[in-house]
Amino acid sequence: MTKATALFLMLGLVVSCRSGETDAAPAEAETPKPDVAKPATSPEGLDRTVLPIPQPTYPAATELDARNAKAPPPFEIKAPEGAPNVVIVLIDDIGFGTASSFGGPIATPTLDSLAEGGLRYNQFHTTALCSPTRMALLTGRNHHSANTGSVQEVATGFPGNNGMRPGTVAPLAEMLRLNGYSTAAFGKYHETPPWEVSVSGPFDRWPTHSGFDKFYGFTGGEADQWAPLIYEGTTKIEPPNDPDYHFTTDMTDQAINWIRFQQSLTPDKPFFAYFATGATHAPHHVPKEWIAKYKGKFDAGWDKYREETLARQIEVGVVPPGTKLAPKPADIPDWDSLSKDEKRLYAHQMEVFAAFAEHTDHEVGRLFQAIEDLGEGDNTLFIYVFGDNGSSAEGGLAGTFNEMVVLNGLDDSVEDQLEHLDEFGGPMAYNHFHAGWAVAGNTPFQWAKQVASHYGGTRNPMVIHWPEGMEAKGEVRSQWHHVTDIAPTVMDAAGLPFPESVDGATQKPFEGVSLLYSFDEPQAKSRHTTQYFEMFGNRAIYHDGWVAAAKHKSPWALPDGPLDSDKWELYHVDKDFSQANDLAADNPEKLAELQALFMEEAVKYNVLPLDDRTYQRFNAAIAGRPDLMGDRKSLTLYEGMTGIMENAFINVKNRSHSITAEVDIPKGGGEGVILCQGGRFAGWSLYMKDGKPSYVHNWVGKERYTISAPQRVPPGKATIRYEFAFDGGDPGSGGTGTIFVNGEKVAEGRIDRTTPFVFSADETADVGVDEATPVTEAYAERDNEFNGQIDKVTVELN
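Just so you know, these numbers come straight off a predicted model, no measurement behind them.

**Here's the deal with the confidence of the model for the protein**
The predicted coordinates of low-pLDDT regions are not to be read in fine detail.
Okay, so step 1: Put simply, the protein has an average pLDDT of 94, and 94% of its residues get 70 or more.
Okay, so step 2: Every residue in residues 1–43 is under pLDDT 50, and counting partners more than four places away or in other chains gives 30 contacts.

**A look at empty space enclosed by the protein**
Okay, so step 1: Scanning the entire structure with this criterion turns up five cavities of 30 Å³ or more.
Okay, so step 2: Computed from the structure, the largest cavity encloses a volume of approximately 100 Å³.
Okay, so step 3: As for the largest cavity, its lining consists of 16 residues, and the residues nearest its centre are Val652, His657, His697, Phe724 and Thr754.
Okay, so step 4: Sort the elements by how many residues they give to the lining of the largest cavity and strand 25 (residues 716–726) lands first, with three residues.
Okay, so step 5: Split into classes, the residues belonging to the lining of the largest cavity amount to eight nonpolar, six polar and two charged.
Okay, so step 6: Of the volumes computed, that of the second largest cavity is approximately 70 Å³.

**Looking at the pattern of salt bridges**
Okay, so step 1: With the rule as written, the count across this model stands at 34 salt bridges.
Okay, so step 2: With its nearest N and O atoms 3.4 Å apart, the salt bridge here joins aspartate 92 to arginine 134. Of the two residues, aspartate 92 is situated in the loop between strand 2 (85–90) and helix 2 (109–116) and arginine 134 in helix 3 (residues 130–139); the sequence distance between them amounts to 42 residues.
Okay, so step 3: When its relative accessible area of 0% is taken as the criterion, aspartate 92 is described as buried.
Okay, so step 4: Residues participating in the shared-partner salt-bridge network are Asp92, Arg134, Lys188 and Asp388.

**Some words on the packing of helix 2 against helix 8 (residues 340–373)**
Okay, so step 1: Close contact between helix 2 and helix 8 brings their axes to 7 Å; oriented N to C, the two are set at 50°. By the angle between their axes, helix 2 is oblique relative to helix 8. Two secondary-structure elements touch here, helix 2 through Pro109, Thr110, Leu111 and Leu114 and helix 8 through Asp361, His362, Val364, Gly365 and Phe368.

**A look at the sheet that holds strand 15 (residues 530–535)**
Okay, so step 1: Pairing is antiparallel in the open sheet, where four strands are placed in the order 15-16-17-18. Either end of the sheet is taken by a strand with one partner, and the two such strands are strand 15 and strand 18 (568–571). Adjacent strand axes in the sheet meet at a mean angle of 10° when their direction is disregarded.
Okay, so step 2: Examined bridge by bridge, strand 16 (residues 538–543) and strand 17 (residues 546–550) share five bridges and lie antiparallel to one another. Along strand 17, the bridge assignment pairs histidine 543 with tryptophan 546.
Okay, so step 3: Of the strands in this sheet, strand 15, strand 16, strand 17 and strand 18 are in contact with helix 14 (residues 588–604), which crosses strand 16 at around 105°.

**Focus on the pairing of strand 20 (residues 657–665)**
Okay, so step 1: Most of strand 20 is tucked away: seven of the nine residues are buried.
Okay, so step 2: Here strand 20 pairs with strand 25 via nine bridges, running antiparallel. Looking at strand 25, one finds that isoleucine 665 is bridged to glycine 716.
Okay, so step 3: Across eight bridges, the pairing between strand 20 and strand 29 (residues 789–797) is antiparallel. When the bridges of strand 29 are listed, valine 663 appears paired with isoleucine 790.

**Quick word on the environment of tyrosine 346**
Okay, so step 1: Along the chain, tyrosine 346 falls in helix 8.
Okay, so step 2: Taking the C-alpha atoms as reference, tyrosine 346 lies 44 Å from glutamate 589; in sequence the two are 243 residues apart.
Okay, so step 3: Setting aside anything within four residues of it in sequence, one finds tyrosine 346 in contact with Trp302, Trp335, Leu338, Leu397, Ala398, Val414, His434 and Trp437.

**Observations concerning the environment of tyrosine 231**
Okay, so step 1: Relative to the helices and strands, tyrosine 231 is located in strand 6 (residues 230–232).
Okay, so step 2: Look at tyrosine 231 and you get buried, because its relative accessible area is 5%.
Okay, so step 3: In the structure, tyrosine 231 is positioned 44 residues away from glycine 187 in sequence and 9.6 Å away in space, judged by C-alpha atoms.
Okay, so step 4: Other than its neighbours up to four places away in sequence, tyrosine 231 contacts Val197, Trp206, Phe215, Tyr216, Gly217, Thr219, Lys236, Gly643 and Met645.

Quick notes on the rules
Residues numbered from 1 in each chain as written. Predicted model: local features only at pLDDT ≥ 70, side-chain atom pairs only at ≥ 80, totals over all residues. Heavy atoms only, no water. pLDDT = per-residue confidence, 0-100. Contact = heavy atoms within 4.5 Å. 1 Å grid on protein atoms, 1.4 Å probe; cavity = no way out; pocket = protein on both sides within 12 Å on 5 of 7 lines; lining within 4 Å. Points joined across faces, edges and corners; volume = space filled by probe spheres on them. Helix = DSSP H or I, 4+ residues; strand = E, 2+ residues; numbered from the N terminus. Nonpolar A, V, L, I, M, F, W, Y, C, P; charged D, E, K, R; others polar. Salt bridge = Lys/Arg side-chain N within 4 Å of Asp/Glu carboxyl O. Buried < 20%, exposed > 50% of the residue type's maximum accessible area, 1.4 Å probe, protein only. Axes fitted to C-alpha atoms, helices over the stretch in contact; angles between N-to-C directions. Parallel < 35°, antiparallel > 145°, perpendicular 65-115°, else oblique. Pairing = 2+ DSSP bridges.

Pasting the structure below:
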């Protein structure tokens, strides 16, 4: 350091420490004059139709000394004055006839309280399925416009169904973020294509690249509430090893902490929080003390449930007087025809579900109370959507202790389930209820989730609470609306225009309308006048109080027949609230008019071609979507590679294959997992126990076929190889498994049945450990790391 530099620093230090003095120009200097002209684009009156809003440009400076120049004002994007905070709560897989504020038997004190201070909407509609509803909600466009015609796991190669949201469909979160909001998403996302969920990305369609500053949750369709696969941003993290852990509570804590932090640092900056619970999607996981509250409440069965719920719905004013129950599907038996064991099982299934729903509403209440405690309750547009579709009938016609059974096209008998009755709702279960409860939960309508043709699949309760934005309280609104209307409502409430361009992409206009007009005009005419519905060939069209509907496939069965032979029904829903009176035979002209309108809308929004394939669409090659593995026949893995989703892993199902592990066995013998896929409810694992190599195939939690070597493997380098010779035939057929050590056959055994289609929705493939739930109880949960060194593991398809 030179003397001149040291002197300069000392002078600077002295000046900066003198009270009330700054590094200003000497007193004798002239008053500095601005050396800038007004910017070509002023920060005032920002043009918000092009996002991001460009920074203003200024002429180049000509003044040498900063003391003699005036800097332009800092450029900062702020939300419009008075823009509210926004919270969107989305519950999963629950129907119109469940919540107490909508006449249901399940206690929902938070929803009730918000309804008393806000508005209940009794003609709000979703798409009938998870990913499509979420995409429509967060973009304001129809789900096919955003290429999300179904859940991402069964995307196809067709536009409208390929699972990849285009740049022309910018999400609401990105619009708000670029207009000065803090944004965060918690819980279930289910909008990222599964083949993009890996370290290789791309990450464009992950939450944190879709407008959210923060993400804490899971990307798949469902989660084990006791042992979820969680991402913080794009990084997989392990949940706390706490016996009382529950994901809904965890995500609520995360949301509360983020809102407090954000408001503490930037109290004048509004926030947008998207709070989408994995509840009440299967598995129905809830602490036992909540289940106990519902003991005996459903012993009268689903038929009585429907009758009593409709009466309450009429009483509380969410259903018009005179409304009739829509027909019950023929496959759903009358409760009185069931055996004693069936009634005992099915009633308990519903007790667990009801507890799960109330527990979830309780956590939403904690979130809202935290906002109230910050003094932000009145200035928060709180939209509580009670269900992304109708209640789910995906548990089939007996329900299940383990949903992987029915997802693989298998049956779970009443006898098998009763053996585990006390475990329903707990960590050893992955339970779902009988389809009869789904139909009951959608009272007064018919059908359920997936069936987009009827309101049982698409009509959901919604409550909007915003004291500073509405005068009405405790009232019901009956304007006809759709999930695409949420994003326009939020933008309207925030005083923001629709952006013509976002990140350089010209935007498709919103395809929904704002609900703001309905807040203080109870008799206002509905502004959403036409809406198509389609899911797995189930389809309908709403137009000006009429619905034409073609039910094509039940959630528990294969399609009814060819698409062109479907029977169309006609309902005048302005007068027939529950779609109980089919007028197709009486008014064929109106039916033909609406059928033609459906085809117009289907072409307009990329709905065609309709695709009713079921298990075939789980296979990427058949469906025509991208596959991370492509045509590869082998995959080499290394130590530390964990959390590999099923759609990003080589598919070993229904074919011969081998697993070759190059390992270094420590002194004392090998112990722990070498490679596994799946978990407690289906999967396989190659591991060592007591120094001996073993392989287990967990057949949907019902059987564990284990092959073990009789001798220990000596310390040092070793090659452990497992070969599976598939018998061939139908998916899920068996085969012979053989274990080799250093080229020598050491064990062989039969695997009579294999998992045909899916191991798990949220369990992963892991090298050197079995994360989350264990494939086998032969090793400990969350304490099963391999104690030696794994050089590499190669999976080959033969």
